[in-house]
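Notes for the structure review
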Amino acid sequence: MYKLEKTILAALAFGVLATAEGNAQTIKKTTKPAATVKKSAATPAKTTAAPATLKTTADSLSAAIGVSFANSISSQGIKDLNADLLTQTVKAALKGEKTAFTSDEANMFIQGYFTKMMEEKGAVVRKEGEKFLEENKKKEGVVTTESGLQYQIIKTGEGPKPAATDKVKTHYHGTLTNGTVFDSSVDRGEPVEFPVNGVIKGWTEALQLMPVGSKWKLFIPYQLAYGERAAGPQIPAYSALVFEVELLEIVK
């Protein structure tokens, strides 16, 4: 999942990162006017620390790794790192000195940490999806199948229904339950062709119920979507999904 070697590599420049962090904190602070007896003293100008001077290729590499490391940590939602301890550990490891973890122990801890973090996030996403579907099934026109798939007919076509082994052409617009769009052939202006049994379970089931020419809105529980895994950066694990699907034709 997350390898210690990558973390250590990125952390080689953490001395630069820690310095930048200290500078950022300095920038955020404002100096109050000096205490006065008779006259008000002028407010000192805010000080802005200059970026580190890069004199060698090694300096540039260190700074670049520091930026990459900071961005990676931030994107993963990690906010409670002990910068001093991290820097101390990196320096010790580079010198071959004893550290709190061996390489194997560190990898095990990192894997366990991120597994737990993803499970906690997944539990929130799963509950939100279940709540959405529970409320949605009460709406007028929403049909719930035995599998838990929900659909709403926008338009009924008059063509044949595809079999699981057929290839179909569709237009679709996919969102999370909060309305965030993650994929849309409609927005791209290009319909998509694929085998009915080559997509997520919710789609496979719905397509076989739809006559060609139909347009349905699908509400798909996570078990019939991507399950316990994420699908790229836009679809978290355990996500219930919403699609508007128009079945254009069965491709011969």
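Residues numbered from 1 in each chain as written. Predicted model: local features only at pLDDT ≥ 70, side-chain atom pairs only at ≥ 80, totals over all residues. Heavy atoms only, no water.

**Digging into the overall build of the protein**
Check the secondary structure of the protein and you find 7 helices and 7 strands. Start at the N end of the protein and walk to the C end: the helices and strands fall as α-α-α-α-α-β-β-β-β-α-β-α-β-β. The buried share of the protein, reckoned over its 252 residues, is 30%. Counting contacts in the protein only where the partners sit at least 6 residues apart, residues at least 24 apart contribute 67% of the total. Surface summary for the protein: the accessible area is close to 16500 Å², and the carbon and sulfur share equals 54%. (Helix = DSSP H or I, 4+ residues; strand = E, 2+ residues; numbered from the N terminus. Buried < 20%, exposed > 50% of the residue type's maximum accessible area, 1.4 Å probe, protein only. Contact = heavy atoms within 4.5 Å. Areas by Shrake-Rupley, 256 points an atom, 1.4 Å probe, with all protein chains shown as cover.)

**Points about the pairing of strand S4 (residues 181–184)**
Residues in a regular strand point their side chains to alternate faces of the sheet. Pairing of strand S3 (residues 167–176) with S4, which is carried by 3 bridges, proceeds in the antiparallel orientation. Across the sheet, residue Thr175 finds its bridge partner in S4, namely Val181. (Pairing = 2+ DSSP bridges.)

**Re a nonpolar patch on the surface**
Residues Phe101, Phe109 and Tyr113 make up a contiguous nonpolar surface patch of roughly 310 Å² in combined accessible area. With respect to the helices and strands, Tyr113 occurs in helix H5 (residues 103–136). (Patch = residues over 30% accessible without salt bridge, like charges linked within 9 Å, V, L, I, M, F, W, Y side chains within 5 Å. Salt bridge = Lys/Arg side-chain N within 4 Å of Asp/Glu carboxyl O.)

**Re the pattern of salt bridges**
Scanning all chains against the criterion turns up 9 salt bridges. Glu135 is the partner of Lys138 in a salt bridge, and the nearest nitrogen-oxygen pair spans 3.6 Å. The class for Lys138 is exposed, based on a relative accessible area of 56%. Across the pair Asp183 and Arg188 runs a salt bridge whose closest N-O atoms are separated by 2.5 Å. Under the relative-accessibility criterion, Arg188 is labelled partly exposed at 43%.

**A look at the side chain of Ser214**
Following the sequence through the fold, Ser214 ends up in the loop between helix H7 (201–207) and strand S6 (215–220). On the basis of relative accessibility, which here comes to 0%, the residue Ser214 falls in the buried class. A distance of 2.8 Å separates a polar atom in the side chain of Ser214 from the backbone oxygen of Pro211. Excluding residues within four positions of it along the chain, Ser214 makes contact with Lys155, Thr156, Gly157, Val245, Glu246 and Leu247. (Polar contact = N/O pair within 3.5 Å; in protein donor to acceptor, adjacent residues only side chain to side chain.)

**Focus on helix H4 (residues 83–94)**
Taking 1.5 Å of rise per residue, 12 residues should cover 16 Å, and H4 covers 17 Å from first to last C-alpha, within 8% of that figure. Residues Ala83, Leu86, Thr87, Val90 and Ala92 constitute the buried set of H4. A positive backbone phi angle near 80° is found at Gly96, which sits one or two residues after H4. (Expected span 1.5 Å × (residues − 1).)

**Quick look at unusual backbone geometry**
Glycine aside, a negative phi is what most residues show, and trans is what most peptide bonds show. Phi at Tyr238 takes a positive value of approximately 70°, unusual for a residue other than glycine. Among the secondary structure elements, Tyr238 is positioned in the loop between S6 and strand S7 (241–251). Taking relative accessible area as the criterion, Tyr238 reaches 16% and is therefore assigned buried.

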